[in-house]
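Architecture and fold: a report
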Amino acid sequence: MGQITLKSVRKSFGEVDVIPSIDLQINDGEFVVFVGPSGCGKSTLLRLIAGLEDTTSGVIQIDGKDATDLPPAKRGLAMVFQSYALYPHMSVRKNIAFPLKMAGMDPEVAAKKVEAAAKVLNLGSYLDRKPGQLSGGQRQRVAIGRAIVREPAAFLFDEPLSNLDAALRVNMRQEISELHQSLKTTMIYVTHDQVEAMTMADKIVVLNAGRIEQVGSPLDLYHSPANIFVAGFIGSPKMNLVEGAEAAKHGATTIGIRPEHLDVGDTGNWIGTVGLSEHLGSDTFLKINVDSVGIINVRGDGDVKYRHGDRIALTPQMDKLHRFGADGKALT
Amino acid sequence: MATQQSRALARIMVSPAVILLFLWMIVPLMMTLYFSFLRYNLLTPGTSFAGFDNYYYFLTNPAFFAALINTLTLVLGVLVITVFGGVALALLLDLPFWGQGIVRIMVISPFFVMPTVAALVWKNFFFNPVNGMFAHLARNLGLKPYDFLAQAPLASIIGIVAWAWLPFSTLILLTALQSLDREQQEAAEMDGASWLSRFRYLTIPHLTRAITVVILIQTIFLLSVFAEILVTTNGGPGTATTNITFLVYAQSLLSYDVGGGSAGGIIAVVLANIVAIFLMRMIGKNLDA
Amino acid sequence: MARKASTAKKAFVTLAAWSVGILICFPILWTILMSFKSEADAVKAPFAMLSSAWTLDSYAEVQERSIYGRYFMNSVVLSVGSTLMALVIAIPAAWSMAFVPGKRTKDLLMWMLSTKMMPAVGVLIPMYLMFRDAGLLDTQIGLLIILTLINLPIVVWMLYTYFKEIPVEILEASRMDGANMWSEIVHVLTPMAVPGIASTLLLNIILTWNEAFWTLQLTTSDAAPLTQFIAGFSSPQGLFYAKLSAASTMAIAPILILGWFSQKQLVRGLTFGAVK
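So, here is what we can say about the structure in this document. (Residues numbered from 1 in each chain as written. Chains lettered and ligands numbered in written order. Predicted model: local features only at pLDDT ≥ 70, side-chain atom pairs only at ≥ 80, totals over all residues. Heavy atoms only, no water.)

Notes on the sheet that holds strand E5 (residues 65–66) of chain A
Residues and elements named next belong to chain A. What counts is decided by this rule: One requirement defines pairing of two strands: DSSP has to find at least two bridges between them. Only DSSP runs of H or I covering at least 4 residues are called helices, and only runs of E covering at least 2 are called strands; the numbering of each starts at the N terminus.
An order of E2-E1-E4-E5 is seen for the four strands of this open sheet, with the pairing classed as antiparallel. Of all the strands in the sheet, just strand E2 (16–26) and E5 have a single pairing partner and so form its edges. As paired strands, strand E4 (residues 57–62) and E5 are joined by two bridges and run antiparallel to one another. Considered in E5, the bridge of Ile 62 is made with Lys 65.

Here it is in structure tokens:
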């Protein structure tokens, strides 16, 4: 249940190859996140799996069976859209019951399932309202409810949290993760927010211009990025990347060190002047102009006191230094 | 979103509309073209090839030139009244006042009156030199009543048609006015622009697009004004109110001259296309849909 | 502007606007007033006419003398009938153009609209002759066909704009929920499209009711709608002002009322989206 395999999947729109060729294996019960910048093809990939777009070539298998030519209705998958896509003319109850109605389920059995889903998602008191009368978060839950009730082989989420405000986003993120823990169904989640990816995923697929840059667990990607793109994408604030003479010293074309892996003090390898300092209480972020190296961002403890104009010395933690070759790939 | 299945189905679903409109466009027009080269009169039996005779006679008919002038005069006259009147009315209706809804309804009403009613109401209740309202008013003022439809027939008809189309233009321009970017106006105010400057540099350019649409759409309909002429003056006196549409009608269905009327019909189509191209070129730049 | 206009200015504008409004719809008001007078009173000078007796005689006369009911029914049948026929053809077309657009869709739409710009006189003769030979002159069927064709572009266009406003994602959601094409149309698309279809219906009924070229050319009595009936008053005998008023009032009343409710639709339907 819920195992999805993509083999040499290609998607072109006219002349443009949005996705040149993708091979990917998603195991049953995994929470997989497709992450990448805008236009990288992650939504397209999701829609190919859903069946809302045809592949140009390649094979999509669901639980071992070839699903490439199956219409969306027959793939046994459920999707939560970015705009929730609720039926505006139907009540919440009818919205959630709709897939069951389409499957020809007995209305009484269906009603029970709707109640159950509503309970899980705390929608009990809204069942007879229309979507127009609900808030963003509530609509989000109705969309999820509509997906759950089908007991699909896998859930597909297309940037479901982007329309919510920051606080709500954190809440819903956790709710979705908890849902995954209780249902144990495969979930494929698309987002451009690497924080969502890092916190929710069992496995992250980093996409760039239709290609997979790296697949791995969040911590794998954090500690061992395969190339500069992944290194710069994962982790906030971004990894500092330095080229030129400084990189050559370490035998690489580019070196990278995360802001949190730099020690600050009055003495160290890199001397510079503090440009910008942001004191959050819990953390301190410094933007430092290091002589003959360039701009380096540092994340330190709340106790770090340096301010704009101060001279400061940075020491990269050597075991956390990343080295990249001329082709952008990590050097081992 | 489009999968192969839906694409094929889509093509089938569009076909009836496309086929019907295609036939509607091509078949009758081809027939008109065919007839235009025949000597064919419904009163006399038989047809024979006429070459370009029909076209020659139609174009050299003094009525044709008069009809052409009348058509252009009618269109331009109505356009001028409806554009300037429409802008003025739209500006007025955009201001805050009590009973906006009702006034709007009053202003748009003429557009929904069928052309035959509009024309006859004006002809009899207002223009008539004996019983019309203008005649009564003139007599009250000691003046001689003016026989509008006899002494200024084309102008009278322009008046009737403009009255019917003013609401349309007003409605369009009012809609455009109400979509004016308020924030832009406020920014201009903060920048020190007076009402007149704002009107000149913000409002007018915004309205230009709507005015363009109004001119375009109205021209298409105004070229084929017919009913109003039919029930008031029947094209007269003489050819004073005959436009191209009426001329072709007269030749086809009154004189039963199929050949000549067809030539006229083709010429009308050509003229309409010329006007359309001319218009599109002149103001096409204002419309980037 | 967030600031309130001064009351004096508002009063002045109110006066100006109402004056203009009354002036513009005055002919209509006058017609309605006159319809409630006798023929003898109708031709009197304005004040005299207004102060004379009110009566429903003229309405009665119109209905007696002519078969007014038939003309009215023809108008209804022709406008509603041609609109329904147009909808049957246009709904699938607009559906496919809105939801499965191709490279040529925009061009196709423009071409359809351009067919509306063809001058009717260009095809008057062949249509007249074809109708005559096929026995379609002065028949409802014949006129239904023509009226459907001339307004088909506008109906397709309006439906297209309404369909385009339906979020595609909702239709996709229904597909993911297991709906086949039929279910998608019946349970999701149609309920969401009903307001748009109703608006299009409304506008088209108005436009066809008032159509005054083909209805005048191709009908005489049997299938003649109100446009033709009223045209008969252009060469009247004897006193006819009150009857004309009564007939006109009855002819324009339905459409006036419908029209007041379809201002938005009018803008959408006749400006082809160029003005929002």
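That covers the picture; the talk isn't over yet.
A short note on a nonpolar patch on the surface
Under the convention used in this document: Here a patch means residues that are over 30% exposed by relative accessible area and free of salt bridges, tied together within 9 Å if like-charged and within 5 Å if nonpolar (Val, Leu, Ile, Met, Phe, Trp, Tyr). Under the convention used here, a 1.4 Å probe and the Shrake-Rupley method define accessible areas, while residue burial counts only the protein chains that appear. Salt bridges are defined by distance alone: a side-chain nitrogen of Lys or Arg within 4 Å of a carboxyl oxygen of Asp or Glu.
Taken together, the side chains of Ile 19, Phe 22, Leu 23, Ile 26, Val 27 and Met 30 of chain B together with Met 130 of chain C define a hydrophobic patch exposed on the protein surface, amounting to about 590 Å² of accessible area. Among the elements that take part in the nonpolar patch, helix H1 (residues 4–36) of chain B stands out by supplying six residues, more than any other. For Met 30 of chain B, the location among the structural elements is in helix H1.

Some words on the interface of chain B and chain C
The condition is simple: Throughout, a residue-residue contact means that at least one pair of heavy atoms, one from each residue, lies within 4.5 Å. Defined here as a combined quantity, buried area equals the accessible surface (1.4 Å probe) lost by two parts on assembly, summed across both. Polar contact is the term for a pair of N or O atoms within 3.5 Å; when the atoms are in protein, one must be able to donate a hydrogen and the other to accept it, and sequence-neighboring residues count only if both atoms are side-chain atoms. Polarity classes work like this: nonpolar for Ala, Val, Leu, Ile, Met, Phe, Trp, Tyr, Cys and Pro, charged for Asp, Glu, Lys and Arg, and polar for all others, with Gly in that last group.
Contact with chain B, which involves 92 residues of that partner, is made by 97 residues of chain C. Between chain B and chain C, roughly 8,500 Å² of surface is buried when both sides are summed, and carbon and sulfur atoms account for 81% of that area. Counting every contact that joins chain B to chain C gives 12 residue pairs in polar contact (both at pLDDT 80 or more). Per-element accounting of the side of chain B that touches chain C gives the leading share, 19 residues, to H1 of chain B. Of the residues in the side of chain B that touches chain C, the class split is 68 nonpolar, 17 polar and seven charged.

Side note on the side chain of Thr 249 of chain C
How we decide: Buried residues are those whose accessible area, probed at 1.4 Å on protein chains only, stays under 20% of the maximum for their type, while exposed residues exceed 50% and partly exposed ones sit between those limits.
Checked against the element boundaries, Thr 249 of chain C lands in helix H13 (residues 241–260). The exposure class of Thr 249 of chain C is buried, given its relative accessible area of 12%.

Quick notes on the packing of helix H5 (residues 115–127) of chain B against helix H8 (residues 153–178) of chain B
All names here are of chain B. Rule in force here: To obtain each axis, a line is fitted to C-alpha atoms, and for helices this fit is confined to the stretch in contact; angles are then taken between N-to-C directions over 0 to 180 degrees. For classification purposes, angles smaller than 35 degrees are called roughly parallel, those larger than 145 roughly antiparallel, those between 65 and 115 roughly perpendicular, and all remaining angles oblique. Each crossing is labelled by how the near helix is turned from the far one, with a counterclockwise turn of less than a right angle marking it left-handed and a clockwise turn marking it right-handed.
Following both chains from N to C, one finds H5 and H8 inclined at 125°, their axes separated by 10 Å at the closest point. Between H5 and H8, the angle is such that the two are oblique. Here H5 runs over H8; the crossing is right-handed. In contact with Ala 118, Ala 119, Trp 122 and Phe 127 of H5, H8 contributes Ser 156, Ile 160 and Trp 163. Looking at the contact of H5 with H8 residue by residue, the classes come out as six nonpolar, one polar and no charged.

A few points about the packing of aromatic side chains
Here is the rule we go by: Any Phe, Tyr or Trp ring, taking Trp's six-membered ring, that has another such ring centre within 6.5 Å forms a pair; planes under 30 degrees apart are called stacked, those over 60 apart edge-to-face, and the others tilted. A positively charged side chain is recorded as over a ring if its NZ (Lys) or CZ (Arg) lies within 6 Å of the ring centre. The angle to the ring normal must also be within 35 degrees.
Considering all chains together, one arrives at 46 aromatic pairs over all chains under this definition. Each ring, one from Phe 37 of chain B and one from Tyr 55 of chain B, has its centre 5.6 Å from the other, and the planes form 50°; the classification is tilted. Residue Phe 37 of chain B is found in the loop between H1 and strand E1 (38–40), and its partner Tyr 55 of chain B is found in helix H2 (residues 53–60); the two are separated by 18 residues along the sequence. With relative accessibility at 12%, the residue Tyr 55 of chain B sits in the buried group. Residues Tyr 71 of chain C and Phe 229 of chain C carry aromatic rings whose centres are separated by 4.7 Å and whose planes lie at 20° to one another, so their mutual orientation is stacked. Remark: Phe 229 of chain C occurs in helix H12 (residues 226–231) and Tyr 71 of chain C occurs in helix H5 (residues 68–99); sequence separation between them is 158 residues. In this pair, the class of Tyr 71 of chain C matches that of Phe 229 of chain C, namely buried. An aromatic cluster is defined as three or more aromatic residues linked by ring pairs; in this entry it consists of Trp 122, Phe 126, Phe 127, Phe 134, Tyr 146, Phe 148 and Trp 163 of chain B together with Phe 26 and Trp 30 of chain C. Looking at Arg 258 of chain A, its charged tip hangs above the ring of Tyr 222 of chain A, at a distance of 4.3 Å from the centre. In this structure, Lys 37 of chain C is placed above the aromatic ring of Trp 54 of chain C, and the distance from its NZ or CZ to the ring centre is 3.4 Å.

Structural notes on helix H3 (residues 107–120) of chain A
Residue and element names in this part refer to chain A. Counted only if it meets this: What a helix should span is 1.5 Å times the count of its residues minus one. Arc, as used here, means the arc of the directions from the helix axis to the C-beta atoms.
With 14 residues, H3 should reach 20 Å at 1.5 Å per residue; the first-to-last C-alpha distance of 20 Å fits that figure. Among the residues of H3, those classed as buried are Ala 110, Val 114, Ala 117 and Ala 118. One face of H3 carries all of its buried residues, which in axial projection span an arc of 100°. The exposed residues of H3 that point more than 90 degrees off its buried face are Glu 108, Lys 112, Lys 119 and Val 120.

Examining the pattern of salt bridges
Proximity of charged atoms lets side chains of opposite charge pair with each other. One pass over the structure, following the stated rule, counts 19 salt bridges over all chains. Asp 177 of chain C is the salt-bridge partner of Arg 146 of chain A, the closest N and O atoms lying 3.6 Å from each other. Here Arg 146 of chain A, found in helix H4 (residues 136–148), pairs with Asp 177 of chain C, found in the loop between helix H9 (168–176) and helix H10 (181–209), and the two come from separate chains. Exposure remark for Arg 146 of chain A: the relative accessible area of 2% places this residue in the buried category. Bridged by salt links that share partners, the residues Lys 11, Arg 47 and Glu 53 of chain A together with Glu 172 of chain C form one connected network.

Brief notes about the packing of H5 of chain B against helix H1 (residues 7–34) of chain C
Taken N-terminus to C-terminus, the directions of H5 of chain B and H1 of chain C make an angle of 75°; their axes are 11 Å apart at the nearest point. Overall, the two elements H5 of chain B and H1 of chain C adopt an arrangement that is roughly perpendicular. The residues of H1 of chain C that touch H5 of chain B, namely those facing Val 121, Trp 122, Phe 125 and Phe 126 of chain B, are Phe 26, Pro 27, Trp 30, Thr 31 and Met 34 of chain C. Looking at the contact of H5 of chain B with H1 of chain C, its residues break down into eight nonpolar, one polar and no charged.

By themselves, these observations are geometric and do not establish any function.
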